[in-house]
Amino acid sequence: MASTKPIKEIAYYALHILIVLAIVSPLLFALVSSVRPLNDIFKYVSPVTWRTFIPTEITLQAYVDLFKEWAFGTILFNTLLVAVATVLFGIIIGSMAAFSFAKFEFKGKSLLFGFVLLTFMIPFEVIAIPLYRLIDQLNWIDSYYALIVPAVANGLVIFLYRQFFMDLPNALIESALLDGARWWKIYTAIIMPLCKPVSISAGLMLFISQWESFLWPLLVTHSQKFRVIQVALSDFTTEHSTLWNEMFAMAVIAVIIPILILLPLQRYFVQGVTNTGIKE
Amino acid sequence: MKKSLPLLLLLALITTILAGCQSKNDVSPDTASETTGQNAGKETEITMVTLSDYDKYGLNDVISSFEKANPTIKVKLEMYPFNNYFETLEVKLGSRSTDYDLIMVDGPLISNYTVKGYLAPLDSYLKPEQWNSKWVDSSVKAGTYNGKLMAAPMDTSTQVLYYNKDLFEQKGITPPSSDPDQRWTWEQVVDAAAKLTYDTNGDGQNDVFGFGFEQVSRAYQILSLSDSLGAKPLSDDGLVATGYTNSDKFVQAGKFYYDLFHTSKVSPKTDQTQEYFKTGKLAMLIGGTWDPKIFAEAKVNFGIALHPYFAGQKAATPTGSWHLGISETSGKKEAAAKFIEYLTLGEGAKIWFEKDGSLPANVDVLNAIDQDPKYDQFPNNLYRIASYEAKNTAVSRPVTPGYLDWESLYFKAFEDIRNGIEPKQALDGIVTQMDRQLKKYE
Amino acid sequence: MAKVKYTPYLFLLPAVLLLLIFKMYPIVLGFKTSLYTESFIGNIESFAGFDNYTGLFTDTVFWKSVYVTLFLNVFINPIQVVLSFILAILLNKKLKGISLFRSINLLPVVVSLPIACILWNIMLSPEQGIVNSILNFLHLPQQPFLASQHQAIWIIIAIATWKGVGYWSVFLLAGLQEVPDSLYEAANIDGASKWEQFKNVTFPLMKRPLTFVTVTDTVTNFLLFAPMYLLTKGGPQNSTNVLMLESYNSAFVYSDPGRASAIVMLLLILILTIIALQFRMLRSKV
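Residues numbered from 1 in each chain as written. Chains lettered and ligands numbered in written order. Predicted model: local features only at pLDDT ≥ 70, side-chain atom pairs only at ≥ 80, totals over all residues.

1. So, the interface of chain B and chain C
- Each partner contributes to the interface: chain B provides 29 residues, whereas chain C provides 21 residues.
- Of all the elements, helix H18 (residues 403-418) of chain B adds the most residues to the side of chain B that touches chain C, at seven residues.
- Residue composition of the side of chain B that touches chain C, by class: 10 nonpolar, nine polar and 10 charged. (Contact = placed C-beta atoms within 7 Å. Helix = DSSP H or I, 4+ residues; strand = E, 2+ residues; numbered from the N terminus. Nonpolar A, V, L, I, M, F, W, Y, C, P; charged D, E, K, R; others polar.)

This is the structure we're talking about:
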């Protein structure tokens, strides 16, 4: 028994490293290109040699230019603000709705749940024009409202929370009710603290939806003041040429930041309901 | 207190939404000033929709000198990235928003925007005698639909043949010429390209290629092939593709394109032809007047020659560029027209050319190029060549309200040809799709 | 329980209100659009009843898109769900440094899609591409990849899978964390094999997260068109021209919002049918 364990562990590590290679190798080109002088980027793409993957001349100029010429500080601030606000409001609103779906019996429940499911099947591109007109009428064009509010209620988040709430034992709620607790208190003090791992997943989902959002911010904001990261990325491809190194530099930062945010939150993954010993 | 925080946030959010909903019914201060702003003595602000980096290319210089000449008008830019420009316009103009006054539109799309009611005719602001002889013919043609001037040309464009001097020297090949009497034929281009396509490191793959188009499979550049053969892409009313986009001459042009990738194999199968030329992996490239700056920065030893044509046929070069129109829903058309006049007919035309470097559509500026000795020598002689082509060989793209439909299907067909589908099969297949889309404009 | 009367509605109110305003209202307008055609003379919209729908049924391009959409989804959804599940199980192992692996698996998720497409396009270029150079080095025949009407759709599946699996595994991992160790210990004592443990312990407890991932992944892939838009424009020979791309082109290229909306309405019906089937299947299974 003792001798098989390390072998197994080595096999797992090997497997993980293989997966990591498959994931990382296409991204390597972006990283390498971001530290190359602009005219070197396509020089070594073909024929493929070791130079394709290892830069011979390294410059951080592209990263410096991002802040000096492209106001990257503002762009980062905007994107983070929009994403974090959406996560906060989205989690509250979504989990409340899911709580209702998972733990109550009421009239029109399946109809309303069907409605929620329907809302995340609607492709954004098709509602772009009516939604734009609505935002225009609200006088929200070129404001944070236009970026945040339409994204806060998310059918997927409601669906995700509902799936996990349904696994929570009803006895938990019943005993709290017997103790005279109000529903709001049950939701805030009992249910939500038990759902940290789900909240992390839901938060991730909302965060990424805003971090990746492109067409909507492009349509509803136009001043530099409200530029977000994906729109800024598309600015590097101009009519007649592409600023590859700056584009890749911004892309690299756009990857690193969400990962850095997620890293410390990972410990909540292992603090599930299981560890509290409540689950039946 | 801690518990009620989320509740408070929530209340705040809902209040904001409700407040927002209410303002829908109010007359906002913006729209109120729009109607009165024009005739009152105070400042009028007009908004121009343009491409992301255009403020860097001299539009700001034009605006500041315009504002000096017209102190009561301020011009604001709204800029969108090139790759998503048409979608953005479609949403903004389709929503009939009153937030925009000036719209920068691509020449061939003017008819489409006209039939959709996005553009206001310019005739009542710019009199024909003002511009009749002031813009090159192809630009006037592109800006006019149903006999009305819908958008004024900011600039135009042409294409030349760039070549890598070092690669030609290494292989001992005489490079193409910039003399209109010795314009290379396509046959000469392919001959030279075959000698310039080779393997440098012995791995069995070619690393240097002879020839490429900068705008791979795009009608703007590729139409010059069928234009040189005298093939018309669409019927005169612009609504029928069958018999035109798949005519024998069109298929012949398609076959030439096919051969570049599959028979002589002198063209690389990449979209990044400009990058290939910049890094010495491509010997000849068809490109625009914007390229020399990029090539010089990349330290390419390049030369400029005339756009090729088919032996025994006529020379035909691509043309057309950006126009400026007034949004139908704009409440400040008068002020907007003043800016159009300044940029396309007045002082602004000169400033725009000097700062941006696009080929002017304004005849006065073109004539100045022909006379100024500054344009005698390489690389500035590019503008001499370009001016010659714009006046003599330029062939406009077809005028049709369905240009975007036609062009995107054209692109698909030529991409298929590039990927190895027989030209006749690809073009016969696409014309039925084109006709289906064009039918709705009848 | 009398006081419960309004409570569930109050909990639902904010979400439902926002969804009604920002999702339902625009899609109802979208449905209305699908009943109109644009007449370009005089610029008026005229009521067309179901003409936009019946027009689609005689359109060979539309039927080809239906086929491509179904073909894509028949393969991509099972592939992604199974791979995500395997990845989640691997990421649930108690190894040193596992949180690093978990983070790396999220890298493709946060890469912006246009950038991902540029990178894969360079990797898979038919000549000189990195993958083809490796094939050449190994004396294997070079492949056209996105330039081939038989391979392009599989390349799209591969790129979407590369980008998506890490994301979906997060939700399954969260589910696996909820399976108490005590259950495995009990199963171990009973002498159950690994497969029996999976079938009898893991799978039943994972049903709700699995339903979530299956349903959401299916919806996401039915609506997927950005890689096709960026890489192939639906080609070669319409082999990657999914319904969403055709709809997008109808709205933004072909000036035909009626056709665009009609396609999406039919697509919604298709998705709803498939989702309903999935709910039923995942409920009745062990």
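2. Examining the UniProt feature "domain: ABC transmembrane type-1" (unreviewed entry) in chain A
- According to UniProt, the positions carrying the feature "domain: ABC transmembrane type-1" (unreviewed entry) are residues 76-265 of chain A.
- Within residues 76-265 of chain A, the helical portion is 76% and the strand portion 0%, while the C-alpha atoms at the span's ends are 20 Å from each other. (UniProt positions renumbered as here; feature names shortened; annotations may be inferred.)

3. As for the sheet that holds strand S8 (residues 160-164) of chain B
Residues and elements named next belong to chain B.
- In space, the four strands of this open sheet follow the order S9-S10-S8-S11, with mixed pairing throughout. On the outer flanks of this sheet lie strand S9 (209-213) and strand S11 (302-305), each paired with one strand and no other. With direction set aside, neighbouring strand axes in the sheet form an average angle of 20°. (Pairing = 2+ DSSP bridges. Axes fitted to C-alpha atoms, helices over the stretch in contact; angles between N-to-C directions.)

4. Describing the UniProt feature "transmembrane region" (unreviewed entry) in chain A
All names here are of chain A.
- UniProt records the feature "transmembrane region" (unreviewed entry) for residues 12-32, 75-99, 111-132, 144-165, 186-208 and 247-265 in the present numbering.
- Between the C-alpha atoms that bound residues 111-132 the distance is 28 Å, and the span itself is 82% helix and 0% strand.
- Helix makes up 100% of residues 247-265 and strand makes up 0%, while its end C-alpha atoms are separated by 29 Å.

5. Looking at the interface of chain C and chain A
- Each partner contributes residues to the interface: chain C has 67 residues there, and chain A has 75 residues.
- Take the side of chain C that touches chain A: its biggest share by element is 18 residues, from helix H1 (residues 7-33) of chain C.
- Each residue belonging to the side of chain C that touches chain A can be placed in one class, and the counts come to 49 nonpolar, 13 polar and five charged.

6. Focus: the nonpolar core
- Core analysis: the largest hydrophobic core is formed by 291 residues, its most contacted members being A:Ala97, A:Ala251 and C:Ala15.
- Setting aside residues no more than four positions away along its own chain, A:Ala97 makes contact with A:Ile158, C:Phe11, C:Leu12, C:Ala15 and C:Val16. (Core = buried A, V, L, I, M, F, W, Y, C linked by C-beta atoms within 7 Å. Buried ≥ 20, exposed ≤ 12 C-beta atoms within 10 Å, placed from the backbone.)

7. Side note on the environment of A:Ile259
- Counting through the fold element by element, A:Ile259 comes out in helix H13 (residues 244-265).
- In this structure the C-alpha to C-alpha distance between A:Ile259 and A:Asn154, which are 105 residues apart in sequence, comes to 22 Å.

8. A word on the UniProt feature "transmembrane region" (unreviewed entry) in chain C
Residues and elements named next belong to chain C.
- According to UniProt, the positions carrying the feature "transmembrane region" (unreviewed entry) are residues 66-91, 103-123, 152-174, 210-231 and 260-279.
- Within residues 210-231, the helical portion is 86% and the strand portion 0%, while the C-alpha atoms at the span's ends are 31 Å from each other.
- Between the end C-alpha atoms of residues 260-279 there is a gap of 28 Å, over a span that is 100% helix and 0% strand.

9. As for unusual backbone geometry
- Residue B:Pro379 follows B:Phe378 across a cis peptide bond; omega there is -5°.
- The residue B:Pro379 is located in the loop between helix H16 (363-371) and helix H17 (381-392) in this model.
- Going from C:Gly235 to C:Pro236, the amide bond is cis rather than trans, its omega being -15°.
- Of note, the phi angle at B:Arg96 is positive, near 55°, even though the residue is not glycine.
- Looking at the secondary structure, you find B:Arg96 in the loop between helix H4 (85-94) and strand S3 (102-106).
- With 13 C-beta atoms packed within 10 Å, B:Arg96 lands in the partly exposed category.

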